[in-house]
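# Architecture at a glance
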Amino acid sequence: MAKTAQQPVLVIMGVSGSGKSTVAGVLAGKLGWDLAEGDDLHPAANVAKMQAGQALSDEDRWPWLGIISDWIREHVEAGTPAIITCSALKKKYRDVLRGEGVVFVFLQGSKDKISDRLASRHGHFMPPSLLESQFDALEEPTEEEDHISLCVSASPAEEADEVIERLGLRPAGADTESTVS
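Residues numbered from 1 in each chain as written. Predicted model: local features only at pLDDT ≥ 70, side-chain atom pairs only at ≥ 80, totals over all residues. Heavy atoms only, no water.

### As for the overall build of the protein chain
For clarity, the cut-off: What counts as a helix is a DSSP run of H or I of at least four residues, what counts as a strand is a run of E of at least two, and both are numbered from the N terminus. Partly exposed describes any residue whose relative accessible area lies between the buried limit of under 20% and the exposed limit of over 50%, with all areas from a 1.4 Å probe on protein chains only and scaled to the type maximum. Every residue pair with non-hydrogen atoms within 4.5 Å of one another is taken to be in contact. Only the protein chains shown count as cover for residues, and all accessible areas are computed by the Shrake-Rupley method using a 1.4 Å probe.
For the protein chain, the helix and strand inventory stands at 7 helices and 7 strands. Out of the 181 residues belonging to the protein chain, those deemed buried represent 43%. For the protein chain, contacts bridging at least 24 residues in sequence account for 78% of all contacts bridging at least 6. For the protein chain, the exposed area adds up to about 9100 Å²; of that, 49% sits on carbon and sulfur atoms.

As structure tokens, this is what we get:
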């Protein structure tokens, strides 16, 4: 009897500038999985607030997290592996997103390294001035949360390869069969 293991939905998380979108894009390209950019799911009011240099409150985030959670659940229920980016800085935010078949990939780096990355980024609505508030809000994932942590010191392709290796991920449509006696 052939048995296929369900591949997860990955939530690529971390502070702004940690490389979530880049690593997620590389992963999606290598695996052929669905990809959603969590920032694109923010309500317009949230984007305007961040563009004005104001940090989002929990109240601002709940509707956005609900949209992301719905996207994740649709993929898990359909058995479709996928990748979505979301800062998911606080445990209570991740609690909304987590569940069976969901794995967080925490991209972590020093404030200096992330600040340098933000300074060279163009065309994003999140201004570098909000980085401090992101680090202040960050609660690193705990043992009870299904996650891996990755230091953002390698290239995005190397980081994606590490995620694939550590989680034993397969490209879409690739079946791993094992026989059960």
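This is not the end of the story, as more comes after the structure.
### Examining the packing of aromatic side chains
Each aromatic ring pair is summarised here by two numbers: the centre-to-centre distance and the angle between the ring planes. As a reminder of what qualifies: Here a pair means two rings of Phe, Tyr or Trp (six-membered ring of Trp) with centres within 6.5 Å. Their orientation is stacked below 30 degrees between planes, edge-to-face above 60, and tilted elsewhere.
One pass over the full model with this rule turns up 1 aromatic pair. Between Trp62 and Tyr93, the aromatic rings sit 5.6 Å apart at their centres with planes inclined by 85 degrees, giving edge-to-face as the arrangement. Placement of Trp62 in helix H3 (residues 58–78) and of Tyr93 in helix H4 (residues 91–97) is noted, with a sequence separation of 31 residues between them. Looking at Trp62, the relative accessible area reads 35%, which means it is partly exposed.

### Describing helix H1 (residues 20–31)
For clarity, the cut-off: A helix is expected to span 1.5 Å multiplied by its residue count minus one. Directions pointing from the helix axis toward each C-beta atom define the arc.
For H1, built from 12 residues, the straight-helix expectation of 16 Å at 1.5 Å per residue is met to within 8% by its first-to-last C-alpha distance of 16 Å. Every buried residue belonging to H1 is among Lys20, Val23, Ala24, Leu27, Ala28 and Leu31, and all of these are buried. Down the axis, H1 shows its buried residues gathered within 135 degrees of arc, on one side only. Positive backbone phi, approximately 70 degrees, marks Gly32, located one or two places after H1.

### Re the nonpolar core
Operational definition: We define the nonpolar core as a collection of buried residues of types Ala, Val, Leu, Ile, Met, Phe, Trp, Tyr and Cys that are connected through side-chain atoms lying within 4.5 Å of one another.
One finds Leu10, Leu27, Ile72 and Leu97 to be the most contacted residues of the largest nonpolar core, which totals 44 residues. Ranked by the residues each element gives to this core, the list is headed by strand E5 (residues 102–108), at 6 residues. Look past the residues within four positions of Leu27 in its chain and what remains in contact with it is Leu10, Ile12, Gly32, Ile83, Ala160, Val163 and Ile164.

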